[in-house]
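# A closer look at the structure
One-letter residues, chain by chain:
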Amino acid sequence: MTKTSTRSKQQPTSICVSDAPRELRIGLVGYGFMGRAHANAVHQVAHFFGKNSPNRRVPVLQAVCGRDAEKLSEFAKTWSARSTETDWRKLVARSDVDAVDICTPNDSHMEIALACVKHGKMILCEKPLALDGKQGTAMVRAVEKAKLPNLVWYNYRFLPAVTLAKNIVDAGELGKVFHYRANFLQDWTISADLPQGGTGLWRLDAKVAGSGVTGDLLAHCIDTARWINGDITEVSAMTETFIKSRVHTATGKQQPVKIDDACAFLARFKNGSMAVFESTRYARGHKALYTFEINGEHKSLAWDLHDLNRLSYFDHSVNGDRRGWSSIHCTDGDHPYAGNWWVPGLGLGYEHSFVHGLHEFLNSLESPKAERRFADFRHALGTQFVCDAVLEAARTRRWTRVKQARV
Ligand code: SOE
């Protein structure tokens, strides 16, 4: 807060340190694609959200951790990190770190998260929560027992058009919901020459990733679906691995590919609605086509990541001669998050979803009893259980009950 001196009106203004917002000192583990997305959110959020809130904590990039010292130093310079560590165990133990942001491949989430709990750190964890529900359960038990604030970065819910869809459904405007459908289509693994393992390509290595498109892409669709339309109770699924072996970057040898390259599943929700989900990395021409549609008695809604500021909206109550799909450009002050940014009509992008997610986390620190808009570990465990059930259903070729996240 800026204060004018009482001694003389001519004196310059000064910052009263005791009134300055308390920092939330974040230690970022991992400096890849997600490290950049999160670091950007850390720097942006206080510029656009929570400015008038006296108890609001202001995140700072206290430390960043990665194994390659050269890349780490480059990252730290680019993103103005205050310090670096090459061993995540040291970062987690530091007394000047309040929260740890885990941006590493999936096989390390549990170990790092459990160490954070031991050191009393808040945790922000990349999705999916863990390799499987068993690991996820241990993580939920630990953070909840220690009462540590926790978040999983399911980011797409925080795009204004997606949040608007949630708000419309929560207001009961759709009436009874009949259908939910979602796709997440990519094409980047079609070449058989692509190896498995290493930067980015760990996503093709089942030991590191846990699963293929199910945990990487469908997990996003499942998170959004459960957030908007409630719990999923049972699933039936098929998966395919089109390229059965790839060179592993660690060994230089051809090794079997154990991830699902593509997955399609049917689901039933607790509210009686039914769903179709599909994801693949073999849909030539599609880079990251995440779409969903929800059909209710009175209204339908549809969204498309490639046109992310728009929500398609159909309202059956409109007179028959004017009835049709409209396209809401969610960039006005009335739309979720949009009013904090630019003037109406100017769109937001992918990176803003992370800024909004961090904003929601900071809100929850300020008002712990307020409704949570982000996926905490428990919600993410529910998503993990759906992923587990999908993989199990594909393996057994049977309808499979989804375990609910009551630990
Ligand atoms: C995979 O290509 C990927 O980067 C996912 O890991 C992200 O979670 C998704 O948002 C975009 O695609």
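Residues numbered from 1 in each chain as written. Predicted model: local features only at pLDDT ≥ 70, side-chain atom pairs only at ≥ 80, totals over all residues.

### Some details on the packing of helix H5 (residues 133–145) against helix H10 (residues 377–396)
Between H5 and H10, the least distance of the axes is 9 Å, while the angle of their chain directions is 170°. Of the possible angle classes, the one that applies to H5 and H10 is roughly antiparallel. Residues Gly133, Gly136, Thr137, Met139, Val140 and Val143 of H5 pack against Phe377, Arg378, Leu381, Gln384, Phe385 and Asp388 of H10. Taken together, the residues of the contact of H5 with H10 sort by class into six nonpolar, four polar and two charged. (Axes fitted to C-alpha atoms, helices over the stretch in contact; angles between N-to-C directions. Helix = DSSP H or I, 4+ residues; strand = E, 2+ residues; numbered from the N terminus. Parallel < 35°, antiparallel > 145°, perpendicular 65-115°, else oblique. Contact = placed C-beta atoms within 7 Å. Nonpolar A, V, L, I, M, F, W, Y, C, P; charged D, E, K, R; others polar.)

### Re the packing of helix H6 (residues 160–170) against helix H8 (residues 213–229)
Contact pair H6 / H8: the axes reach a minimum separation of 9 Å and the direction vectors enclose 30°. Judged on the interaxial angle alone, H8 and H6 are roughly parallel. Contact residues: Val162, Ala165, Lys166 and Val169 in H6; Thr224, Trp227, Ile228 and Asn229 in H8. The residue makeup of the contact of H6 with H8, split by class, is five nonpolar, two polar and one charged.

### Some points on the domain arrangement of the chain
In terms of domain boundaries, the chain breaks down into domain 1 (19–152) and domain 2 (157–401). Placing the centre of domain 1 and that of domain 2 at their C-alpha centroids yields a distance of 23 Å. Each partner contributes to the interface: domain 1 provides 36 residues, whereas domain 2 provides 32 residues. With eight residues, helix H1 (residues 33–48) is the largest single contributor of residues to the side of domain 1 that touches domain 2. Grouping the amino acids of the side of domain 1 that touches domain 2 by side-chain chemistry returns 19 nonpolar, twelve polar and five charged. (Domains from an automatic or database assignment.)

### Topic: the site of the ligand
As a matter of local geometry, the ligand sits amid Gln186, Asp216, His220 and Ala288. Among the residues forming the shell around the ligand, the class breakdown is one nonpolar, two polar and one charged. (Near = placed C-beta within 6 Å.)

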